[in-house]
Amino acid sequence: MYGINPPPSLKDGDVIAIVATARKVTPEEMFPAIEFLKENGFRVLCGKNLYEVENQFAGSDKQRAEDLQWAINQPEIKAILIARGGYGTMRVLDLVDFSPLKKNPKWICGFSDVTALHLHVQSHLNLTTLHCVMPINFGKNREAFESLVNALRGNVQRYVWEGSEFDRSGSTDGILVGGNLSLLYALTGTASDITTDEKILFIEDLDEYLYHLDRMMMSLRMAGKLKNLKGLVIGGLSDMKDNVVPYGKTATEIILDAVKDYSFPVCFNFPAGHIDRNLALYLGRKVEFSADKHFGKLVFK
């Protein structure tokens, strides 16, 4: 089953809105993805402020919030695809009224900085969202965009991926939540924070120092967000960095150390996050999860 307030799957002719809640974008960067979506049977509308610029942002906080509010309010829009990540989405959360999604649920789509939206709507509305590739990434991996279309149409049922020697075996089921680790960390204790008890947590991240990765994992542990998990799925941990004086642990070892006192299954290498093959994941939806040193498997219910 989906969450309490599931968005309907899309069909030919449905409208997808593209808005920018974080870093600035150009028409040239958006054009290939817009054409791809049209070729796959969707209509595309762009927020009026999509190409605005204020320093590194796609316009002011007010302008970015205005576009997101427009996409939420328009009944004909069935999915909201965020143009790109970077930073800035959490700055608009308090400027937007998300309550129309209660009566007219629609897909919130994206990853990285868009995790702020995933967490916010799940904590307030229990709404299933889509962790997926964004228009800025078009051209890096066609399978990633095909998985976005398939997920919007309700056609993603299961994923099986190659395991690793570090995986911790087991099988479980629960609601899949999570996203970018830095945003999970940043929003802990805020009104947009999520409950992880009895959930399966997905995490990924990019370009972090190893000591900071450890700090984020320790923060989640100290906040009680790890001890009652039913499972942990780790996606891309891309371009991790070390100091001149080595931290002494790999990213994998840091995560395993943070969960060493718990017995839930853990699986690395899920193909999602800041990697080219960034496959779509339903967040806020029940899954069956199994892991061993040969493969990981997610089956959406």
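Structure: above.
Residues numbered from 1 in each chain as written. Predicted model: local features only at pLDDT ≥ 70, side-chain atom pairs only at ≥ 80, totals over all residues. Heavy atoms only, no water.

### Here we look at the environment of Val15
Part 1 of the reasoning: Here Val15 lies in strand 1 (residues 15-19).
Part 2 of the reasoning: In this structure Val15 comes out as buried when scored by relative accessible area, which is 1%.
Part 3 of the reasoning: Sequence spacing of Val15 and Gly41 is 26 residues, and the spatial spacing of their C-alpha atoms is 9.5 Å. (Helix = DSSP H or I, 4+ residues; strand = E, 2+ residues; numbered from the N terminus. Buried < 20%, exposed > 50% of the residue type's maximum accessible area, 1.4 Å probe, protein only.)

### Side note on the pairing of strand 3 (residues 77-82)
Part 1 of the reasoning: Along strand 3, 5 of the 6 residues are buried, which leaves the element largely enclosed by surrounding structure.
Part 2 of the reasoning: Bridge analysis of strand 1 against strand 3 gives 5 bridges, and the strand direction is parallel. Across the sheet, the residue bridging to Val15 is Ile77, located in strand 3. (Pairing = 2+ DSSP bridges.)

### A word on the state of the cysteines
Two cysteines, two sulfur atoms, one covalent bond between them: this is a disulfide.
Part 1 of the reasoning: Per the counting criterion, the structure on display carries 0 disulfides.
Part 2 of the reasoning: Counting only cysteine sulfurs, Cys132 is the nearest neighbor of Cys109, a cysteine outside any disulfide, at a range of 4.7 Å.
Part 3 of the reasoning: Overall, Cys109 belongs to the buried group, its relative accessible area being 1%.
Part 4 of the reasoning: Looking at Cys132, the relative accessible area reads 0%, which means it is buried. (Disulfide = S-S within 2.5 Å.)

### With respect to the packing of aromatic side chains
The geometry of an aromatic ring pair is captured by the separation of the ring centres together with the interplanar angle, meaning the angle of the planes.
Part 1 of the reasoning: Within this structure, the stated rule accounts for 12 aromatic pairs.
Part 2 of the reasoning: Taking 5.5 Å as the distance between ring centres and 55° as the angle between the ring planes, the aromatic pair formed by Phe36 and Phe138 counts as tilted. With a gap of 102 residues between them, Phe36 in helix 1 (residues 27-39) and Phe138 in the loop between strand 5 (129-131) and helix 5 (142-152) connect regions that are remote in the sequence.
Part 3 of the reasoning: The exposure class assigned to Phe138 is partly exposed, which follows from its relative accessible area of 28%.
Part 4 of the reasoning: Measuring from centroid to centroid gives 5.1 Å for Tyr282 and Phe300, while their planes differ by 90°, and the two rings are edge-to-face. Of this pair, Tyr282 sits in strand 11 (residues 281-283) while Phe300 sits in strand 13 (residues 295-300), placing them 18 residues apart in sequence. As far as burial versus exposure is concerned, Tyr282 and Phe300 are alike and both buried.
Part 5 of the reasoning: Grouping aromatic residues by their ring pairs yields a cluster made of Trp107, Tyr159, Trp161, Phe202, Phe270, Tyr282 and Phe300.
Part 6 of the reasoning: If you follow Arg168 out to its NZ or CZ, it ends over the ring of Phe264, 5.3 Å from the centre. (Phe/Tyr/Trp six-rings, centres within 6.5 Å; stacked < 30°, edge-to-face > 60°. Lys NZ or Arg CZ within 6 Å of the ring centre and 35° of its normal.)

### Some thoughts on the environment of Leu181
Part 1 of the reasoning: If you trace the backbone, Leu181 turns up in helix 6 (residues 181-187).
Part 2 of the reasoning: Separated by 69 residues in the primary sequence, Leu181 and Ser112 place their C-alpha atoms 8.7 Å from one another.
Part 3 of the reasoning: Setting aside anything within four residues of it in sequence, one finds Leu181 in contact with Ile203, Glu204, Asp205, Leu213, Met216, Met217 and Leu220. (Contact = heavy atoms within 4.5 Å.)

### So, helix 1
Part 1 of the reasoning: The terminal C-alpha atoms of helix 1 lie 18 Å apart, and with 13 residues this matches the ideal 18 Å at 1.5 Å per residue to within 8%.
Part 2 of the reasoning: Here helix 1 has its buried residues at Met30, Ala33, Ile34, Phe36 and Leu37. The buried residues of helix 1 all sit within an arc of 160° when viewed along its axis, so they share a single face. Projecting away from the buried face of helix 1 at angles above 90 degrees are the exposed residues Glu28, Phe31 and Glu39.
Part 3 of the reasoning: Summarising the contacts, the buried residues of helix 1 are in contact with strand 1, strand 2 (43-46), strand 3 and helix 5.
Part 4 of the reasoning: Two residues or fewer after helix 1 comes Gly41, characterised by a positive phi angle close to 100°. (Expected span 1.5 Å × (residues − 1). Arc of directions from axis to C-beta.)

### Quick word on the pattern of salt bridges
Part 1 of the reasoning: Tallying each qualifying case throughout the model produces 16 salt bridges.
Part 2 of the reasoning: In this structure, Lys48 and Glu66 form a salt bridge, with 3.0 Å as the shortest nitrogen-oxygen distance. With Lys48 in the loop between strand 2 and helix 2 (61-73) and Glu66 in helix 2, this residue pair connects regions lying 18 residues apart in the sequence.
Part 3 of the reasoning: Classification of Lys48 as exposed rests on a relative accessible area of 64%.
Part 4 of the reasoning: Looking at Glu66, the relative accessible area reads 36%, which means it is partly exposed.
Part 5 of the reasoning: Two residues, Asp257 and Lys260, come together in a salt bridge whose shortest N-O distance is 3.2 Å.
Part 6 of the reasoning: Under the relative-accessibility criterion, Lys260 is labelled exposed at 53%.
Part 7 of the reasoning: Taken together, the shared-partner salt bridges connect Asp61, Arg64 and Arg91 into one network. (Salt bridge = Lys/Arg side-chain N within 4 Å of Asp/Glu carboxyl O.)

### Digging into the sheet that holds strand 5
Think of a sheet as strands paired side by side through backbone hydrogen bonds, with each pair either parallel or antiparallel.
Part 1 of the reasoning: The 6 strands lie next to each other as 2-1-3-4-5-11, forming an open sheet whose pairing is mixed. Looking along the sheet, the strands with just one partner apiece sit at the ends: strand 2 and strand 11. On average, each strand axis in the sheet is tilted by 25° relative to the strand beside it, whichever way the strands run.
Part 2 of the reasoning: With 3 bridges joining them, strand 3 and strand 4 (residues 107-110) adopt parallel strand pairing. For Ala79, the partnering residue across the bridge sits in strand 4 and is Trp107.
Part 3 of the reasoning: Contacts between helix 5 and the sheet are confined to strand 1, strand 3, strand 4, strand 5 and strand 11, with strand 5 contributing the most and set at about 165° to the helix. (Axes fitted to C-alpha atoms, helices over the stretch in contact; angles between N-to-C directions.)

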